[in-house]
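For reference, the chains in residue letters:
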Amino acid sequence: MAIWCVCFCGMQWRAIGQLCDIPFGTLYSLFARWTRLGLWRRLLNRLIQAWRLACGDTADPSAVILDSRSCQSAPTCFTCGFDGGKKIKGIKVHLAVDKYGFPLAIHVSPASIHDTKGIVPVLHQLAGRGFKGTALGDLSYRGQRLSKRRSASPSNPAPVVTAEPSFRKEFASSARWPGLAAIPFSGF
């Protein structure tokens, strides 16, 4: 409960140690050890799978949604860049989520990195989890940059970024989802 208070409420390690009579060094070393062992990641994956099964879906998603967001950041927190399209100096968060919005893969880069370059580590994380399905993204995720990166991969030289015409005809032309493209994904 003490670690939850630190992570969720933003309480300091020394303060929570005073409140619960557990030395802060013990609390922090447990937190650091569990992080190194991947306990938090496994716990999140298990909760996501339980949620999906409770909703009547399969444990693993058949499609993911790719997107990125540029955020302002302090100059000391990460290597900053400038996103010229959004006029933001800071970082860019690239992520893949399932249909419920649960994060499946996350990567942080400087804001000056284009989406087709920044999404590559996210695709690697998805491939490491064994995901084989469709990745949905806006039109910034198609093009020659990602195709060249995909063809340069020694494990699988087939291009990953080929928008499915039937999907684009059905969904991308509608006013509800303008500019949406489907990307077949079979590992990276």
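K.L.:
Outline the packing of helix α1 (residues 2-9) against helix α2 (residues 13-20), supporting the account with residue identities and numerical values.
P.N.:
Packing of α1 against α2 brings their axes to within 10 Å, and their N-to-C directions diverge by 145°. The way α1 lies across α2 gives a crossing that is right-handed. Contact with α1, carried on its side by Ala 2, Ile 3, Cys 5 and Val 6, involves Trp 13, Ile 16 and Cys 20 of α2 and no other residues of that element.

K.L.:
Give me the lowdown on the nonpolar core, citing residues and values where you can.
P.N.:
Counting residues in hydrophobic clusters, the biggest one holds 12 residues: Val 64, Leu 66, Ala 96, Leu 104, Ala 105, Ile 119, Val 122, Leu 123, Leu 126, Phe 131, Ala 135 and Tyr 141. When residues of this core are traced back to their parent elements, those giving at least two are β1 (63-72), β4 (103-110) and α6 (120-128). With 3 residues, the single largest contributor to this core is α6. Grouped together as the second largest cluster of nonpolar side chains are 7 residues, Ala 2, Ile 3, Val 6 and Trp 13 included.

K.L.:
With reference to specific residues and values, describe the confidence of the model for the protein chain.
P.N.:
Across the protein chain, the average pLDDT comes to 76, with 75% of residues at 70 or higher. Segment residues 156-176: pLDDT under 50, and 38 contacts once partners within four positions in sequence are set aside and those in other chains are kept.

K.L.:
How would you explain a nonpolar patch on the surface if you had to name every residue and give the values?
P.N.:
The grouping of Trp 34, Leu 37, Leu 39, Trp 40, Leu 43 and Leu 47 at the surface amounts to a nonpolar patch, some 540 Å² of accessible area in total. Considering each element in turn, the nonpolar patch owes the most residues, 4 residues, to helix α4 (residues 39-54). Along the chain, the position of Trp 40 falls in helix α4.

K.L.:
Describe the packing of aromatic side chains, naming the residues involved and giving the relevant values.
P.N.:
Under the definition given, this model contains 4 aromatic pairs. An angle of 70° between the planes, with centres 5.9 Å apart, marks the rings of Trp 34 and Trp 40 as edge-to-face. Judged by its relative accessible area of 31%, Trp 40 falls in the partly exposed class. Considering the side-chain rings of Tyr 100 and Phe 102, the 6.4 Å spacing of their centres and the 50° angle between planes classify their relative orientation as tilted. Residue class for Tyr 100 comes out partly exposed when judged on its relative accessible area of 31%. Since its relative accessible area comes to 23%, Phe 102 is described here as partly exposed. Put simply, the rings of Phe 31, Trp 34 and Trp 40 touch in pairs and so form one group of aromatic residues.

K.L.:
Tell me about α1, residues and numbers included.
P.N.:
Those residues of α1 lying buried are Ala 2, Ile 3, Cys 5 and Val 6. Down the axis of α1, the sector holding all buried residues measures 160°, keeping them to one side. Looking at the buried residues of α1, the elements they touch are α2, α3 (24-36) and α4. Once α1 ends, the next one or two residues include Gly 10, with phi positive near 80°.

About the thresholds
- Residues numbered from 1 in each chain as written.
- Predicted model: local features only at pLDDT ≥ 70, side-chain atom pairs only at ≥ 80, totals over all residues.
- Heavy atoms only, no water.
- Axes fitted to C-alpha atoms, helices over the stretch in contact; angles between N-to-C directions.
- Helix = DSSP H or I, 4+ residues; strand = E, 2+ residues; numbered from the N terminus.
- Left-handed = near helix turned anticlockwise from the far one by under 90°.
- Contact = heavy atoms within 4.5 Å.
- Core = buried A, V, L, I, M, F, W, Y, C linked by side-chain atoms within 4.5 Å.
- Buried < 20%, exposed > 50% of the residue type's maximum accessible area, 1.4 Å probe, protein only.
- pLDDT = per-residue confidence, 0-100.
- Patch = residues over 30% accessible without salt bridge, like charges linked within 9 Å, V, L, I, M, F, W, Y side chains within 5 Å.
- Areas by Shrake-Rupley, 256 points an atom, 1.4 Å probe, with all protein chains shown as cover.
- Salt bridge = Lys/Arg side-chain N within 4 Å of Asp/Glu carboxyl O.
- Phe/Tyr/Trp six-rings, centres within 6.5 Å; stacked < 30°, edge-to-face > 60°.
- Arc of directions from axis to C-beta.

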